[in-house]
Amino acid sequence: MTSKRALPHIVAFLLLVDAALLYLVDIRGPFPAQVPLGTPTAYRNLYIHVPIAIAGYATFTVALIYALLYLVRGDARYERTAHAAIVVGIIYGAATLVTGSIWARESWGSAWNWDPRETGIFFMWVAYLIYFVLRSSIKDPDVAPRISMSYAVAAYATIPLSFVLPYIMESLHPRVTETKAFVGGGLPAVLFPIRMIIVNVAAILFIFMVRDRVTGQARRVLKAASAILLAAGLLVVTLHVASVASAGEAQLTPGASVKFVGKVAEAQLLEGNNDTAMLLLKIYTDGRAVEVRYVGEPPVKPVTFTQKKGNTTELKVSLVGHVVLVEGVVSPGGMVEARSLKVLNYWGVPANILIYGLSVALTVYLATRPGRSAGG
Amino acid sequence: MNKRAGLLLAGVLAAIMVAVGYMAASMGGYKDVSDLAKVKEPTLVTVKGVIADYRADPNSDTVVFVLQGEDGSLITAEFSYQRFVNMHGRAPGPWILGQEIVVKGVFYPSKQGNTLGYMDISEMLKGCHEGYEAPPATG
């Protein structure tokens, strides 16, 4: 009983830590120094989308275990747990689809294109959604749990299927072996596993709270923690909107002050290092290229990196591909002498943090609303 | 319904789900340019190919790619110049040559030599696999 009462407090603590972590992801989350398409900051979604997707798999795995236990032993408690796990899984599954599409829009070039992994996850989600239709459509209370639990076991077949599809078919989605190299060192090696653990532990504990419902002081604590997580999402979205809204068009009149947003197409390190550098940039804004010179602390570190291509090693500037906010003065030659150069996050990063906050808020609502417990 | 029947029902439904899911994913996946040799009438397809050549004209808002398949067969594929610039942050140039891209659109077969036909691109896609090869950066 004591351990049951402790669950909401444990989850509340995890949510508070997560709110701080998500803020850190938004402003400092490491991304690959070079990406094939879109802005590299979109890859900060690795710390948001992937843990949610794995949490969806984890909750459906819990549903499978309890559904099998129900089918074998016939105890109604198992059926209630499996049902609660599917409720939580559906929320995390929806968040997986939305956060993944927002990321794909930038990094694949299209939000939805029926890629095998996208199709697999969508099929999984629909399969579990049908579970609710099936469960509510059978009126006989003796038959409904057994048929719906049989269906819940069957629906699990969509999980390994969605996971293996990028391995057996051509897919735009990376495989675990590819992402493993990136999250295997430096800050990603800390940030990624911590978020993975927090999101997954919280999701699994939510199952038991949705099943039993949280009441009293624990209810207030859990709701407050969820509100703080949601507030973190709103904060990062507001900060993003504010940073973009202040920019105007790049009017290249000599002597004029300019503040504009553009994408770095080419970059050259003239001199310097990670502390201070002189960079010559070609930035595309409103469909035209603007030459920009910047001297100061590089907005992306390391400022350069080496890339092996066959037998040759190339030195590349990490700023290429980023969306930046430039503030400066136009020189007589038409070049912008930038006094400030800031990297702007891909909008989908704060948006996905907010979507995660909303998903948790919905789960907390289901776990704390008064009335009978799930499936009871 | 007894215990055995419940598990049997689950097994049968699971097999059906795997089969239907696999078929659905197969229909949505993408193929190689060389597979377009089998296409006989205008069809919506998603294919990958390597950019062997290109022609860009900002005035008519077009970029025409020559995409090469694994067996050397070619297609010409047209895309919006402005959309290309918006997606990539820069104009098409020699830097795109040799890159593998995935394109979605209507393919019009008209075989001439090793050129299989023309494609009107609606979506230009790219996998993110290579992204994870670069070292981490912060900003």
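Residues numbered from 1 in each chain as written. Chains lettered and ligands numbered in written order. Predicted model: local features only at pLDDT ≥ 70, side-chain atom pairs only at ≥ 80, totals over all residues.

Undergrad: I keep staring at the overall build of chain B and nothing clicks. Help me out?
TA: Helix and strand counts for chain B come out as two helices and seven strands. What you see for chain B is a C-alpha radius of gyration of 21 Å, clearly larger than the 14 Å of a compact globule of 139 residues, by over 25%. Here chain B holds 139 residues, and 36% of them are scored as buried. For chain B, the share of sequence-separated contacts (at least 6 apart) that also reach a separation of at least 24 residues comes to 50%. (Helix = DSSP H or I, 4+ residues; strand = E, 2+ residues; numbered from the N terminus. Rg over C-alpha atoms; globule rule 2.2 N^0.38 Å. Buried ≥ 20, exposed ≤ 12 C-beta atoms within 10 Å, placed from the backbone. Contact = placed C-beta atoms within 7 Å.)

Undergrad: Quick question: what am I supposed to make of the overall build of chain A here?
TA: If you tally the helices and strands in chain A, you get 10 helices and eight strands. Out of the 376 residues in chain A, the part that is buried amounts to 52%. The contacts of chain A with a sequence gap of at least 6 include a subset with a gap of at least 24, amounting to 72%.

Undergrad: So what exactly am I meant to see when it comes to the pairing of strand E8 (residues 336-344) of chain A here?
TA: As a general feature of sheets, a regular strand has side chains that alternate between the two faces. Residues and elements named next belong to chain A. Of the pairings in the sheet, the one linking strand E4 (residues 288-296) to E8 comprises three bridges and is parallel in character. Directly across from Arg293, in E8, lies its bridge partner Glu337. Bridge count for strand E7 (residues 323-330) against E8 is eight bridges, and the pairing is antiparallel. If you follow Val329 over to E8, its bridge partner there is Glu337. (Pairing = 2+ DSSP bridges.)

Undergrad: Help me out: how do you make sense of unusual backbone geometry in this one?
TA: When glycine is set aside, most residues are seen to have a negative phi, and most peptide bonds are trans. Residue and element names in this part refer to chain A. Note that the residue after Lys301, namely Pro302, is joined by a cis bond; omega there is 0°. Although it is not a glycine, Trp114 adopts a positive phi angle of roughly 55°. For Arg213, which is not glycine, the phi dihedral falls at a positive 65°. As for its position among the elements, Arg213 is in the loop between helix H8 (188-212) and helix H9 (216-245). Residue class for Arg213 comes out partly exposed when judged on the 18 C-beta atoms lying within 10 Å of it.

Undergrad: Which parts of the structure should I look at to understand the sheet that holds E4 of chain A?
TA: The strands making up a sheet associate through hydrogen bonds between their backbones, and the pairing can be parallel or antiparallel. Taken together, five strands build a closed barrel; the order of strands is E2-E3-E4-E8-E7 (chain A) and the barrel is mixed. When strand polarity is set aside, the average angle formed by the axes of neighbouring strands in this sheet is 50°. (Axes fitted to C-alpha atoms, helices over the stretch in contact; angles between N-to-C directions.)

Undergrad: Please clarify how the confidence of the model for chain B should be interpreted in this entry.
TA: Residues shown with low pLDDT carry predicted positions that ought not to be read at fine detail. On average, residues of chain B carry a pLDDT of 89, and 99% of them reach 70 or more. On the interface metric, ipTM, the complex scores 0.83, and its pTM is 0.91. (pLDDT = per-residue confidence, 0-100.)

Undergrad: Sorry if this is basic, but what is going on with the domain arrangement of chain A here?
TA: It is common to give the size of an interface as the accessible area lost on bringing the parts into contact. All names here are of chain A. Taken as a whole, chain A is organised into domain 1 (2-243 + 348-368) and domain 2 (247-344). If you look at the interface, domain 1 gives seven residues, while domain 2 gives 11 residues. Residue composition of the side of domain 1 that touches domain 2, by class: three nonpolar, four polar and no charged. (Domains from an automatic or database assignment. Nonpolar A, V, L, I, M, F, W, Y, C, P; charged D, E, K, R; others polar.)

Undergrad: Looking at this structure, I do not really get the environment of Leu97 of chain B. What am I missing?
TA: Residues and elements named next belong to chain B. Relative to the elements of secondary structure, Leu97 occurs in the loop between helix H2 (81-88) and strand E5 (100-112). When the 14 C-beta atoms within 10 Å are taken as the criterion, Leu97 is described as partly exposed. For Leu97 and Val64, which are 33 residues apart along the polypeptide, the C-alpha to C-alpha distance reads 12 Å.

Undergrad: Would you mind showing me how to read helix H10 (residues 348-368) of chain A here?
TA: For an α-helix, the turn length of 3.6 residues means that residues three or four places apart are oriented alike. In this model H10 of chain A runs 30 Å from its N-terminal to its C-terminal C-alpha over 21 residues, within 8% of the 30 Å that 1.5 Å per residue would give. Burial runs high along H10 of chain A: 15 of the 21 residues are buried. (Expected span 1.5 Å × (residues − 1).)

Undergrad: How should I be thinking about the interface of chain A and chain B in this particular structure?
TA: The interface is formed by 63 residues belonging to chain A together with 43 residues belonging to chain B. Where the side of chain A that touches chain B is concerned, the elements lending two or more residues are strand E1 (31-32), helix H2 (46-73), helix H4 (116-137), helix H5 (144-155), helix H6 (158-168), helix H7 (176-182), strand E2 (257-272) and strand E5 (304-309) of chain A. Looking at the side of chain A that touches chain B, the element that brings in the most residues is H5 of chain A, giving eight residues. The residue inventory of the side of chain A that touches chain B, partitioned by class, reads 40 nonpolar, 16 polar and seven charged. Looking at chain direction, E1 of chain A and strand E7 (residues 136-137) of chain B are connected through two bridges and run antiparallel. Bridge pairing in E7 of chain B places Pro32 of chain A opposite Pro136 of chain B.

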